[in-house]
Amino acid sequence: MAYLLTFGVIGSLFLASLMLYRYGNIPRQHILVTLSVLTAWCFSFLIVFTIPLDVTSTLYRQCEEKHKPIPESELGNKDNGSNITTTPASNNIHPVECQEPWGMVPASVFPNLWRIIYWSSQFLTWLIMPLMQSYLKAGDFTIKGKLKSALIENAIYYGSYLFICGVLLIYIAVKGVSLDWQKLKAIASSASNTWGLFLLVLLLGYALVEVPRSLWNNAKPGFTLQYAYFKAAKLSTDKAEAEEHVDDVLESLQCISRAVPNNHELRPCVETIMRKVPIELQERASRNFARSGGSSMGGTTSTIVPSEKALVRIHKQVIKSLQTLQRTEALWSVQVNTVLHLEDVARNVHSAERRFKTEFPRQRSQLERVCYSATIQWYWECLLKAPFLKALCVVTATMSAMVVWSELTFFCRRPVLSIFANVINVANSNNDFFTIELFSMIVLCYFFYCTYSTILRIRFLNLYYLAPHHQTNEHSLIFSGMLLCRLTPPMCLNFLGLIHMDSHIIQKRIMETYYTQIMGHMDVIGIISNGFNIYFPMCMLAFCLATWFSLGSRALNAMGFQQFLQHETIATELVQEGKDLIAREKRRRQRAEEAIARRRDFSRPDALPSHDYIGKYRGGATGGGPGSGGVAAAFGSSRTPADGLLRDGDVGYDYAAVASSSALGVPRSLSEEINERFGVSTQMQVGFRGANEQDDEENERRIVGPPPRGLFDDV
């Protein structure tokens, strides 16, 4: 009968794997990071999926306990008592059959399951993952050095926690309470849950208002497009700042590389740093360094060999700056595609053909063309999506109102004011355990979505945030896993309090769930057990009101952090800037498509004789021949502007065009001709990036070695 638990385990593992594949880059991540994040996410999802089974199992045990037959010996003893009277209802000798829950789990499973899940996740979130995160950020070049830096950083972080624990233990000792191992475990789990409850109330106070509001705004195409322009402008600024920071760091790295001789003992450390810098950025940094006269400080190049601490510091800066650049490049590309799609929707709304047409069509698979044709896409994007989102907004707004009301009244036992508790009580009185499981799962999934969607959108100074399309680095993945492990247990405990399944909340002795028994209660510290855990969730109403009136966004906007506020001058200017940036990006893409079309025309046999085309191509490559126009004429005269990591250079050649021309039947590229003429004598091979992807990867591996995967490749 425990098949629902099996499905929950499989579903949790599948969902965690799917999210890790979407956000992470598994081939580039270290296996320890992948396993740690997968375990943290899987255990968090499993807690959410298993709580409804624990609730129904507890209600079933309560039903059995309530209707358990009374032995005749106890009845005789009760009859002999002078002050005890019995009624037929209380003397019910025959047991009343309680309906067994759907997917009943044996009673011995839950205690062991919760111990394994909870303490494993707590061990990960408070010990393993913080050390791993600090290890990854460390700039040292040895395992010992990285571990030392990680321990020092976490010692400062955990020193405050140890100080608080010491104060609490002294407080308990002064009160004269005896402590044993079980009470110490309960104090540890309750302290972690109290910290998580504090953060959970903040996140839910924002998400319970923002989730319905974002659904309603997404149903308005005009608002969505304006907000997309605004985000594009902010991302462009972030991208430019990231590029400038990378240039500054690489310029310092160039000075250090020239100052350290090849035979110096610190040269391997410099090579370790250089291996993490892409070839394009190294070449650009070399050109900038030569253009600036060989010194970032003006004057001559410094000949002072830097110390190992200086190399550690620059190594850490390189790691951080490259990760920021990579994220901003990826987010910019995703945002541009989003804006172009919204513009396509705005153009197709009034289309009489009722077929969705895109300005920049992409390649679609045969299955996608059949299942999601242009007609179906038009009906969904232009006709059905907005009403669906509005209906979903009404549903989520109703759920948010129920959550806020229940949070304000869940401590009231008589009368029962919590909406969730009333629903569970009505279903329990009818032995309708299926409704209890379904309702609990819906509420927990809404909690789950509100909390975790806020985590996915959260940004801490551009250091930690999840970017889709495999663009999230290891630090952000570990940070999200830590947050999920710390937030999921208090979220589920808060839900159990809302449905009156926690005896310490309703101040009534009842049979609790196995989950609550494993979590324990901080009874020895009354201010937390009877104060904070009960009354602090009421602050959720204040956070919801602050979110509703956009007080946080207005405060950030006043401090200089631009936020999207309608009818604000700064927001209007950024929207117009975003329109200009998207228009520039569209022109760049149009020029690229025109260049591809011209090359396609040149490749046809009837367009140009093959020997004439070869002569023109070679003349362009060598610079000879009147009217040849050089390489730019052979490959199309479009010169794309700098767009980040792969095309930020002073060279005017379109390397992507070179790659396309070789694929369309052009006999040889410029690099192939150079290799043919000089490669045999010099034993060297040259090539342009993009001309042959496999050769580029092989050249990069031969020159700088394989890219580091994370944890131990530096050492």
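Residues numbered from 1 in each chain as written. Predicted model: local features only at pLDDT ≥ 70, side-chain atom pairs only at ≥ 80, totals over all residues. Heavy atoms only, no water.

Novice: Any chance you could explain the overall build of the protein chain here in plain terms?
Specialist: Within the protein chain, the regular secondary structure consists of 26 helices and zero strands. Across the protein chain, every contact between residues at least 6 apart in sequence was considered, and the portion connecting residues at least 24 apart equals 77%. Surface exposure of the protein chain reaches about 37600 Å², of which carbon and sulfur atoms provide 61%. (Helix = DSSP H or I, 4+ residues; strand = E, 2+ residues; numbered from the N terminus. Contact = heavy atoms within 4.5 Å. Areas by Shrake-Rupley, 256 points an atom, 1.4 Å probe, with all protein chains shown as cover.)

Novice: Honestly, a nonpolar patch on the surface in this entry has me stumped. Any pointers?
Specialist: Taken together, Tyr3, Phe7, Ile10, Trp102, Phe434, Leu438 and Ile442 make up a surface patch of nonpolar side chains, about 720 Å² in accessible area. Every element with two or more residues in the nonpolar patch is listed here: helix 1 (3-23) and helix 14 (433-457). Tracing the backbone shows isoleucine 10 in helix 1. (Patch = residues over 30% accessible without salt bridge, like charges linked within 9 Å, V, L, I, M, F, W, Y side chains within 5 Å. Salt bridge = Lys/Arg side-chain N within 4 Å of Asp/Glu carboxyl O.)

Novice: Sorry if this is basic, but what is going on with the packing of aromatic side chains here?
Specialist: Note on aromatic pairs: each is described by the distance of the centres and the angle between the planes. In total, this model carries 13 aromatic pairs according to the counting rule given. Here the aromatic rings of phenylalanine 110 and tryptophan 114 are separated by 6.2 Å at their centres, their planes lie at 15 degrees, and the arrangement is stacked. Highlighted residues: phenylalanine 110 and tryptophan 114, both in helix 4 (residues 109-137), separated by four residues, approximately one helical turn. Side by side, phenylalanine 110 and tryptophan 114 carry an identical accessibility label, which is buried. Ring geometry for tyrosine 118 against tryptophan 119: centres 5.1 Å apart, planes inclined by 75 degrees, an arrangement best described as edge-to-face. Each residue in the set Phe110, Trp114, Tyr514 and Tyr515 is aromatic and connected to the rest through ring pairs, giving one cluster. (Phe/Tyr/Trp six-rings, centres within 6.5 Å; stacked < 30°, edge-to-face > 60°. Buried < 20%, exposed > 50% of the residue type's maximum accessible area, 1.4 Å probe, protein only.)

Novice: Explain helix 13 (residues 419-429) to me, please; I cannot follow it from the model alone.
Specialist: Side chains of residues three or four places apart in an α-helix project in the same direction, reflecting 3.6 residues per turn. Listed in full, the buried residues belonging to helix 13 are Phe420, Ala421, Ile424 and Ala427. Within helix 13, the buried residues cover an arc of 135 degrees as seen down the axis, which keeps them to one side. Counted as exposed and oriented over 90 degrees from the buried face of helix 13: Val426 and Ser429. A positive backbone phi angle near 55 degrees is found at asparagine 431, which sits one or two residues after helix 13. (Arc of directions from axis to C-beta.)

Novice: Could you clarify how one ought to interpret the environment of glutamate 210 in this entry?
Specialist: Following the sequence through the fold, glutamate 210 ends up in helix 6 (residues 181-218). Sequence separation between glutamate 210 and threonine 454 is 244 residues; the distance between their C-alpha atoms is 9.2 Å.

Novice: Can you walk me through the nonpolar core in this structure?
Specialist: Note that soluble globular proteins tend to have their nonpolar side chains buried in a common cluster. Ranked by size, the top nonpolar core spans 91 residues in total, and within it Trp41, Ile51, Trp114, Leu208, Leu496 and Tyr515 carry the most contacts. With 17 residues, the top contributor of residues to this core is helix 2 (residues 31-66). Excluding residues within four positions of it along the chain, tryptophan 114 makes contact with Ile47, Thr50, Ile51, Asp54, Trp119, Tyr514, Tyr515 and Ile518. Grouped together as the second largest cluster of nonpolar side chains are 22 residues, Phe141, Ala242, Ile314 and Leu325 included. (Core = buried A, V, L, I, M, F, W, Y, C linked by side-chain atoms within 4.5 Å.)

Novice: Please clarify how unusual backbone geometry should be interpreted in this entry.
Specialist: Glycine aside, residues mostly have negative phi angles, and peptide bonds mostly take the trans form. You will see that arginine 354, though not glycine, has its phi angle at about 55 degrees, which is positive. When you line up the elements, arginine 354 lands in the loop between helix 10 (308-348) and helix 11 (366-371). On the basis of relative accessibility, which here comes to 39%, the residue arginine 354 falls in the partly exposed class. A positive phi angle, near 60 degrees, is found at histidine 500, a position not held by glycine. Relative to the helices and strands, histidine 500 is located in the loop between helix 15 (474-498) and helix 16 (503-506).

Novice: Got a minute to help me understand the packing of helix 6 against helix 15 in this structure?
Specialist: Relative placement of two packed helices is described by the angle separating their axes and the distance separating the axes. The geometry of helix 6 relative to helix 15 is characterised by a closest axis approach of 8 Å and an angle of 85 degrees between their N-to-C directions. As the angle between them shows, helix 6 and helix 15 are arranged roughly perpendicular. The segment helix 6 lies against helix 15, with Asn193, Trp195, Gly196, Leu197, Leu199, Leu200 and Leu203 engaging Leu483, Arg486, Leu487, Pro489, Pro490, Met491, Leu493 and Asn494. Counted by class, the contact of helix 6 with helix 15 contains eleven nonpolar, three polar and one charged residues. (Axes fitted to C-alpha atoms, helices over the stretch in contact; angles between N-to-C directions. Parallel < 35°, antiparallel > 145°, perpendicular 65-115°, else oblique. Nonpolar A, V, L, I, M, F, W, Y, C, P; charged D, E, K, R; others polar.)

Novice: How do you make sense of the UniProt feature "transmembrane region" (unreviewed entry) in the protein chain when you look at a structure like this?
Specialist: As annotated by UniProt and renumbered to match this structure, "transmembrane region" (unreviewed entry) occupies residues 6-24, 31-51, 116-136, 156-174, 186-209, 438-456, 477-499 and 532-551. Span residues 186-209 is 100% helix and 0% strand, its end C-alpha atoms 34 Å apart. (UniProt positions renumbered as here; feature names shortened; annotations may be inferred.)

Novice: Would you take a moment to explain the pattern of salt bridges for this structure?
Specialist: Where charged atoms from two side chains of opposite charge approach closely, those side chains can pair. Scanning the model with the defined rule gives 15 salt bridges in all. For arginine 267, the salt bridge identified is with glutamate 271, shortest N-O distance 3.1 Å. One end of the pair is arginine 267 and the other is glutamate 271, both in helix 8 (residues 267-275) and four residues apart, which spans about a single turn. Taking the relative accessible area as the measure of exposure, arginine 267 reaches 11% and is therefore buried. The partner of glutamate 585 in a salt bridge is arginine 588, with the nearest N and O atoms 2.8 Å apart. Of this pair, glutamate 585 and arginine 588 both sit in helix 21 (residues 569-602), separated by three residues, roughly a single helical turn.

Novice: Would you mind going over the packing of helix 7 (residues 221-259) against helix 10 with me for this structure?
Specialist: Running from N to C, helix 7 and helix 10 cross one another at 155 degrees; their axes reach a closest spacing of 8 Å. In this view, helix 7 runs roughly antiparallel relative to helix 10, as classed from their interaxial angle. The handedness of the crossing between helix 7 and helix 10 is left-handed. Of the residues that constitute the contact of helix 7 with helix 10, the class distribution is 19 nonpolar, nine polar and six charged. (Left-handed = near helix turned anticlockwise from the far one by under 90°.)

Novice: Mind showing me how you'd approach helix 4 here?
Specialist: Taking 1.5 Å of rise per residue, the 29 residues of helix 4 would be expected to cover 42 Å, and the 40 Å separating its terminal C-alpha atoms lies within 8% of that figure. Residue leucine 124 marks the point of greatest curvature in helix 4, where the axis turns by about 40 degrees. (Expected span 1.5 Å × (residues − 1). Bend = angle between axes of the 7 residues up to and from the residue.)

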